[in-house]
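In case you want the letters, here they are:
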Amino acid sequence: MHALALFDTGFEGPESDLDPGEVPWTHLPRRPGVDLRYALALRRHAKVFRADILHAHNDTAVFHAGLAALVPGPRRFRVIGTFHTWPAAPTGWGRRATRAASLGVARCTAVSAELARSLVAEGWVSRCEVIRNGVNLTAFAPRSPDARWRALLEARGHRSVVGCIARLTPVKGHAHLLAAAEILRTTCPGLL
């Protein structure tokens, strides 16, 4: 069984969030900074769902899930922490606190070897494995020839094509991508 615990905002609807469908979810509000009550609530939530594994994404979630795992109790669960980006709190205290909380984390993973090396080198975690965030382009290549896709995009000849695959949400920075595309359009006329 899977369940989601959202700590910054609750599920607001499929128009603005990834729809969890039939997956049960709950909003566990978290106060800014270190919120020990949140770690305890997360621990209780894991116990209610009889969780064996708690998967936390990025430093805030890894920190609080690690704390939750360190709370003594009869039901133990393992925490897997995944870093998709560099931690948001670039302070020595934040680094030490995350490293201490990571003692409750069974495995830390990152989406690139560079990020994993940096997290360990900068002292955020003691060890970090890599699970690449991406698609195997060989296994999932389109079955039709490249020329068909270029014709659909009206990108004939040797023009370069740049694509972006991401949720349409401000956090993904589409405004920055469009601004960069405008600069490239004027400096690289062969770019589509």
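Let us look at the structure shown here. (Residues numbered from 1 in each chain as written. Predicted model: local features only at pLDDT ≥ 70, side-chain atom pairs only at ≥ 80, totals over all residues. Heavy atoms only, no water.)

For the rest of this paragraph, the subject is empty space enclosed by the protein. Counted according to the given criterion, the structure contains 1 cavity of 30 Å³ or more. Volume-wise, the largest cavity comes out at about 40 Å³. Along its surface, the largest cavity is lined by Ser102, Val105, Ala106, Arg107, Cys108, Val125, Ser126 and Arg127. Counted by class, the lining of the largest cavity contains 4 nonpolar, 2 polar and 2 charged residues. (1 Å grid on protein atoms, 1.4 Å probe; cavity = no way out; pocket = protein on both sides within 12 Å on 5 of 7 lines; lining within 4 Å. Points joined across faces, edges and corners; volume = space filled by probe spheres on them. Nonpolar A, V, L, I, M, F, W, Y, C, P; charged D, E, K, R; others polar.)

Right, let's talk about the packing of helix H1 (residues 36-48) against helix H2 (residues 58-70) for a bit. Interaxial distance between H1 and H2 falls to 8 Å at its minimum, and their mutual angle equals 65°. When the axis of H1 is compared with that of H2, the two are roughly perpendicular. The interaxial crossing formed by H1 with H2 has right-handed handedness. In this structure, H1 uses Leu36, Tyr38, Ala39, Leu42 and Arg43 to contact H2, whose residues at the interface are His64, Ala65, Leu67, Ala68 and Ala69. Tallied by class, residues from the contact of H1 with H2 come to 8 nonpolar, 1 polar and 1 charged. (Axes fitted to C-alpha atoms, helices over the stretch in contact; angles between N-to-C directions. Helix = DSSP H or I, 4+ residues; strand = E, 2+ residues; numbered from the N terminus. Parallel < 35°, antiparallel > 145°, perpendicular 65-115°, else oblique. Left-handed = near helix turned anticlockwise from the far one by under 90°. Contact = heavy atoms within 4.5 Å.)

For the rest of this paragraph, the subject is the pairing of strand S4 (residues 78-83). Two faces belong to every sheet, and in a regular strand the side chains alternate between them. One ladder, built from 5 bridges, connects strand S3 (residues 53-57) with S4; its direction is parallel. Considered in S4, the bridge of Ile53 is made with Arg78. The pairing of S4 with strand S5 (residues 107-110) spans 4 bridges and is classified as parallel. Note on S5: the bridge partner recorded for Phe83 is Ala110. (Pairing = 2+ DSSP bridges.)

The subject of this paragraph is the environment of Leu103. Tracing the sequence through the fold places Leu103 in the loop between helix H3 (92-101) and S5. Overall, the relative accessible area of 69% leaves Leu103 in the exposed class. On a C-alpha basis, the gap between Leu103 and Phe63 in space is 9.7 Å, while along the polypeptide they are 40 residues apart. (Buried < 20%, exposed > 50% of the residue type's maximum accessible area, 1.4 Å probe, protein only.)

This paragraph deals with the sheet that holds S3. On the basis of which strands lie adjacent, the open sheet formed by 4 strands has the order S3-S4-S5-S6 and parallel pairing. The two strands at the open ends of the sheet, each matched to only one other strand, are S3 and strand S6 (129-130).

For helix H4 (residues 113-121), every residue scored as buried is listed here: Leu115, Ala116 and Leu119. Around the axis of H4, the buried residues are gathered within 100° of arc, so they sit on the same side. Turned more than 90 degrees off the buried face of H4, the exposed positions are Glu114, Arg117 and Ala121. Buried positions along H4 lie against S4, S5 and S6. Positive phi appears at Gly123, one or two residues downstream of H4, with a value of about 85°. (Arc of directions from axis to C-beta.)

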